[in-house]
Amino acid sequence: MDIELEKDSAPNIEQFLKERNIEAVVFDVDNTVFATGEGFVEDVMKIGFKVAKYVNNDKSPEVIAQEYSDMTFGTYVRRGSKPTLIDALCKEGIIKYLGEEAECLVDEIIGDDLKDFYKKVPMLYKNSVLAIRSVLQSKVNVAFHSHAQEDWTKRKISFLGNELGGINLPFLATSIDEIKDRESWMRSFALVGGYVKNIMVVGDGVEFDLVPAMEAGCEYVVWLNGKDRPIPEILYEYKKKGKFIYMIKDIGDLRYLSDDYLI
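Residues numbered from 1 in each chain as written. Predicted model: local features only at pLDDT ≥ 70, side-chain atom pairs only at ≥ 80, totals over all residues. Heavy atoms only, no water.

Peer 1: Explain the pattern of salt bridges to me, and be specific about the residues and the numbers.
Peer 2: Considering all chains together, one arrives at 14 salt bridges under this definition. In this structure, the salt-bridge partner of Lys59 is Glu67, at a minimum N-O distance of 2.9 Å. Ionic contacts of the salt-bridge type, sharing partners, join the residues Glu19, Arg20 and Asp259 into one network. (Salt bridge = Lys/Arg side-chain N within 4 Å of Asp/Glu carboxyl O.)

Here it is in structure tokens:
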């Protein structure tokens, strides 16, 4: 990939990558580059306020909407946070919150509120463009790997490319009907070429980003832990195997990556 971009003044990621012989960086997309989860929460809460109209008790609409949201996302988390279409998630939440007898009300409650969800591009994190521009300026190959629909991913990556000055960015969209595993990460690595050990992965998910990337042979991974989650034991196990695992709280920290960020 031959991309010329105007130099930023401060980033030292170029030196970091060069010293470690990293020739490519592959980014997870949702909740790493784009604040996709925040859009999910917002729209699920909107449905929660509509659910409140069908509840006959003394609770405020705000309380009901929050309870509905917590219940809906609780189910999602218990399933291992596997990507699920938002309309299916909300429908299941309605039936679970209101009871089986509410199944006939699901379409009435949701209406057209979610029909354009996957036509919209989620917000980029504040420092996503700065971070990715810094990596591009380091003259390494860059690609993106999502766990979402092809068309939706294409919209997001096209938007990102425009924000970076109108460039084309390679991406792989692993279907939500499949697992984002070692094999899918290997397919994403084919977008950048070279040896896997010279590819660094940046993602927010331990199970679907970091672990399968390391299983595929990556020696360097970066965990975006913006919610300050406890470090899972499995990462320490991979550290003992000689993997270099960095933890950052903001995607912008990637510009200043150093061994100070090692877990």
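Peer 1: So what's going on with unusual backbone geometry? Which residues, and what values?
Peer 2: One non-glycine residue, Asn21, adopts positive backbone phi at about 60°. Checked against the element boundaries, Asn21 lands in the loop between helix 1 (13–19) and strand 1 (24–28). Of the residues examined, Asn21 reaches a relative accessible area of 42% and is grouped as partly exposed. Positive phi, close to 65°, is recorded for Lys139, a residue that is not glycine. Within the element layout of this structure, Lys139 appears in the loop between helix 6 (128–137) and strand 2 (141–146). (Helix = DSSP H or I, 4+ residues; strand = E, 2+ residues; numbered from the N terminus. Buried < 20%, exposed > 50% of the residue type's maximum accessible area, 1.4 Å probe, protein only.)

Peer 1: How would you summarise the nonpolar core if you had to cite specific residues and measurements?
Peer 2: With 33 residues, the main nonpolar core has Val25, Phe27, Phe144, Leu160, Met200, Leu254 and Leu257 as its most contacted residues. Elements supplying a minimum of two residues to this core: helix 1, strand 1, helix 6, strand 2, helix 7 (150–163), strand 4 (199–203), strand 5 (220–224) and strand 6 (244–248). It is helix 6 that contributes the most residues to this core, five residues altogether. What Phe144 contacts, discounting residues up to four positions off in sequence, is Val26, Phe27, Val29, Val33, Ile132, Ile157, Leu160, Leu169, Pro170, Phe171, Leu172 and Leu191. (Core = buried A, V, L, I, M, F, W, Y, C linked by side-chain atoms within 4.5 Å. Contact = heavy atoms within 4.5 Å.)

Peer 1: Explain the sheet that holds strand 5 to me, using residue names and the numbers behind them.
Peer 2: Taken in spatial order, the six strands line up as 3-2-1-4-5-6 in an open sheet, and their pairing is parallel. The open sheet has two edge strands, strand 3 (171–173) and strand 6, and neither has a second partner. Here the strands of the sheet are splayed against their neighbours by 20° on average, with no regard to which way each runs. When strand 4 meets strand 5, the two strands line up parallel, connected through four bridges. Across the sheet, Val201 pairs through a bridge with Val221, a residue of strand 5. Lying on the sheet, helix 9 (residues 206–215) is in contact with strand 1, strand 4, strand 5 and strand 6; it crosses strand 5 at an angle near 170°. (Pairing = 2+ DSSP bridges. Axes fitted to C-alpha atoms, helices over the stretch in contact; angles between N-to-C directions.)

Peer 1: Describe the pairing of strand 1, and please don't skip the residues or the numbers.
Peer 2: Buried residues dominate strand 1, accounting for five of its five residues. Here strand 1 shows no split at all, with Ala24, Val26 and Asp28 on one side and Val25 and Phe27 on the other all buried. Sheet topology places strand 1 next to strand 2; five bridges connect them, and they run parallel. Opposite Asp28, over in strand 2, you have His145 as the bridge partner.

By themselves these figures say nothing about function.
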